[in-house]
Structure formats: structure tokens, C-alpha cells
Amino acid sequence: MRRAGVLLLAAVPVIAAGVYLAVPADPEGADGAADTTTATATAPSSREDAKGRAEQERAADDALIAGLPPGLAAPDKKELAQQLVSSAENSTTEWRTAYGTVEDLGDGDGYTAGIIGFCTGTHDLLTLVERYTEAHPGNGLAAYLPALREVDGTDSHEGLDPGFTTAWRAEAEVPAFREAQEEERDRVYFEPAVRLAKLDGLGTLGQFVYYDAMVFHGPDTDAEGFYGLRERAMAEAGTPARGGSEKDYLGAFLDVRRRAMEAKRPGIDTSRVDTAQRRFLAAGNLKLETPLEWEVYGDAYRAP
């Protein structure tokens, strides 16, 4: 993950939650105490109504998704997605070699580690270690939790050096920690991205476009996070679910994303968009069918 912010697993529940947060008492009521009692009495009902609506909406979404093809969630496509992301994150399609990677890339996010680029400065690495420690107390990274909490949101190494990188590499040899990395990748990035892409009417390529953007920009609601990029793209072109052209919408999304990458880091290499995803889109490969050929950072890759 490349940004700090509010981690989300779905956009709809957050929107629904806003329905019941503001329940003001009538300032012109004859009896202030009576007004307070009324507001207090109705607030739980409002919360329950909002919760009920959110649950109904999610159930409807679940039913819609259940009737769709698996898309990027199909085992072979999911494997392909990890190869594509790894070519940009770790300069190899052999993504399983990256469990133990850990280094400071100098991008302001502290240490970047593991198969999806969990960062000490962007909360997701902390969450990974916390969840892993709940299931496996006394692991080799548990002792660094206080330091990880202190540096969260910064690029600081305070309390982590000199032993954290060694501890990470050692723990990455443990099968349970490898499994934990995959589960957190799916929970925070892959599953929300694929779900939302399907609700937007996107095929397998579009689902991957969302996933890669979620990984790079973070599942955040600010202007430069994934959800902010999606909102800007939707202002330029309609999603297929809203009657728009899939190719036009994906083109707009990639344009918005490229601009965001360049605004954050002028001069950044945007080839993971330009000579990978945009190449697939230009070829009309909306199903992300193999064989695929792409380039990232000047290196050529092929998925047979």
C-alpha cells in the first residue's frame, strides 16, 4: 500500500452510516427536556433503520455478484493478477518469492515489505502484524508492535532498527505468516476491489485495474486514494452499471490514476499503467485473456 488514510472494505456501508449520525433536537421546542428525550428515543431507531437498509443493500449486491462470472476471482485469473502486480511491486512475476522482502524505498512510507508492499507508514503493515499476533502470540514480530504503532503514519524507523528487517525475513519463513500475508492482501485489497468492480459492471480487466490501483494508492477516501480516484473517473465517464462504455470508463480511470501518480511524485515511472493495463485495454482484452505481454520499468514480461 502506498498511501495512508481510512481503510475501507466497502463503500456502501460507510455512506449508509452517515444517514443516522446527525439527529438534532428541535431548538424551538417548548420543553428542552422533552426534545432531548425524543431525540434520544428516536436515535436508536434511526440507527437500526440505517443498519437495516445497509444490510438489505449489501444482500442485494451479494445476490447480484453471485450471478456473475467469477472474473478475476477465478483461481487462474487471481494468480495472473498477483503476477501482474508483482511485476510492478517486486520486478518479478514470481510473487511468492516476496514474502520476506523488506526495504525502505525512500517514498515516505517507511519500510515496504511482503507480497503486496505492506508499509510501516501506511497502517496496513501494523494491522497485518496485529492480526497475526492475535492468532500466533509470541511470534518474532510481536515485540515490534509498540514501535510499529509509534511510527504508523510516518517514515520513521525509530524502535525498528536494527532488528526489524531481520525479524521480518525470519518470520517470512513461517508458513503461518505467509498465509497471514495472503489473507490480509485479499481482505484489504483484492476482495474489495473485485467486488466493487463487479458492482460497477466491469469485466476481468476492469477488476484488475481496480485491484492494482487499490494496492498502489491505498483503499482511502481522500482525493488521491482509490475511492477518490474512482469518484473523479465517474465524473468523466459513466460506469457500465450506469449505462456507460466499459472501454471509455476504464480509459478515464487510467487517465485519472496516471495524473494522480504524477501529481504525487513528479517524474514517476507510470509504465504499470501505460505499457501494461492501457496496452490490454487498447487491445480490447476486457476478459484479460492470456497470452499477455507487458512492460514495467523497462522490463518485459509474458504470461503464456
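Residues numbered from 1 in each chain as written. Predicted model: local features only at pLDDT ≥ 70, side-chain atom pairs only at ≥ 80, totals over all residues. Heavy atoms only, no water.

Enquirer: Can you explain the sheet that holds strand 1 (residues 102-104)? Please cite residues and give values.
Expert: Across the sheet, three strands lie side by side as 1-2-3; this open sheet has antiparallel pairing. At either margin of the open sheet sits one strand with a lone partner, and together these are strand 1 and strand 3 (118-119). Across three bridges, strand 1 lies against strand 2 (residues 111-113) in antiparallel orientation. Counterpart to Asp-104 in the pairing with strand 2 is Tyr-111. (Pairing = 2+ DSSP bridges. Helix = DSSP H or I, 4+ residues; strand = E, 2+ residues; numbered from the N terminus.)

Enquirer: Quick one: what's the story with helix 8 (residues 204-217), residue by residue and with numbers?
Expert: For helix 8, built from 14 residues, the straight-helix expectation of 20 Å at 1.5 Å per residue is met to within 8% by its first-to-last C-alpha distance of 20 Å. The buried fraction of helix 8 amounts to 14 of the 14 residues, a majority that puts the element mostly inside the structure. Note on helix 8: the residue one or two positions beyond its end, Gly-218, has a positive phi of about 85 degrees. (Expected span 1.5 Å × (residues − 1). Buried < 20%, exposed > 50% of the residue type's maximum accessible area, 1.4 Å probe, protein only.)

Enquirer: How would you sum up the confidence of the model for the protein? Please name residues and give values.
Expert: For the protein, per-residue confidence averages 88 on the pLDDT scale, and 86% of positions sit at 70 or higher. The model gives residues 2-40 a pLDDT under 50, and that stretch makes 60 contacts with residues more than four places away or in other chains. (pLDDT = per-residue confidence, 0-100. Contact = heavy atoms within 4.5 Å.)

Enquirer: Explain unusual backbone geometry to me, using residue names and the numbers behind them.
Expert: The omega torsion across Asp-161 and Pro-162 is 5 degrees, close enough to zero to call that bond cis. Within the element layout of this structure, Pro-162 appears in the loop between helix 5 (145-151) and helix 6 (164-171). Notably, Ser-91 is not glycine yet its phi reads approximately 60 degrees, a positive angle. One can find Ser-91 in the loop between helix 3 (75-89) and strand 1.

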